[in-house]
Amino acid sequence: MAHPDRLIRSQIRSRYIATLDTEETFEGVLIDVDDRHLVLADAVSLASNGDRLAIDGHLWLPRLGVKYLQTLTT
């Protein structure tokens, strides 16, 4: 079985939608990961009504708070 960190690290530079336990949703490019955080660049906050709010800088998400990640393909 692959080590979880190796799996997620192999996906760096991929675009994801991340849904948190709080139901907040973000889209961005995974640029870094450590044992506690996922870091997204070029991130936007996604509202349930379809609105997108750009986020300045990098977005650090707590790994334990991420409910799931959805890969976006182009």
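Conventions and cut-offs
- Residues numbered from 1 in each chain as written.
- Predicted model: local features only at pLDDT ≥ 70, side-chain atom pairs only at ≥ 80, totals over all residues.
- Heavy atoms only, no water.
- Helix = DSSP H or I, 4+ residues; strand = E, 2+ residues; numbered from the N terminus.
- Rg over C-alpha atoms; globule rule 2.2 N^0.38 Å.
- Buried < 20%, exposed > 50% of the residue type's maximum accessible area, 1.4 Å probe, protein only.
- Pairing = 2+ DSSP bridges.
- Polar contact = N/O pair within 3.5 Å; in protein donor to acceptor, adjacent residues only side chain to side chain.
- Contact = heavy atoms within 4.5 Å.
- Core = buried A, V, L, I, M, F, W, Y, C linked by side-chain atoms within 4.5 Å.

Check the secondary structure of the protein and you find one helix and six strands. Here the C-alpha atoms of the protein give a radius of gyration of 12 Å, agreeing with the 11 Å that 2.2 N^0.38 yields for 74 residues. Oriented by its inertia axes, the alpha-carbon framework of the protein measures out at about 40 × 25 × 20 Å. Counting all 74 residues of the protein, 32% fall into the buried class.

Before going further, it helps to examine the pairing of strand β5 (residues 59-62). Here β5 shows one buried face, formed by L59 and L61, and one open face, formed by W60 and P62. Looking at chain direction, strand β3 (residues 37-46) and β5 are connected through four bridges and run antiparallel. Residue H37 lies in a different strand from β5, and its bridge partner there is P62.

Once that is clear, we can look at the side chain of T25. Residue position: T25 is located in strand β2 (residues 25-33). Among the polar contacts listed, one links the side chain of T25 to the backbone oxygen of E23, at a separation of 3.5 Å.

Let us now look at the environment of K67. Tracing the sequence through the fold places K67 in strand β6 (residues 66-71). Residues K67 and D56 lie eleven residues apart in sequence; the distance between their C-alpha atoms is 23 Å. Excluding residues within four positions of it along the chain, K67 makes contact with T19, L20, D21 and E23.

The next subject is the nonpolar core. Grouped together as the largest cluster of nonpolar side chains are 13 residues, with contacts concentrated most on F26, L30, L38, L40, L59 and L61. At the level of secondary structure, the elements contributing two or more residues to this core comprise β1 (15-20), β2, β3 and β5. In contact with L38, other than residues within four places in its own chain, are I8, L30, D32, V33, L59, W60, L61, R63, V66 and L69.

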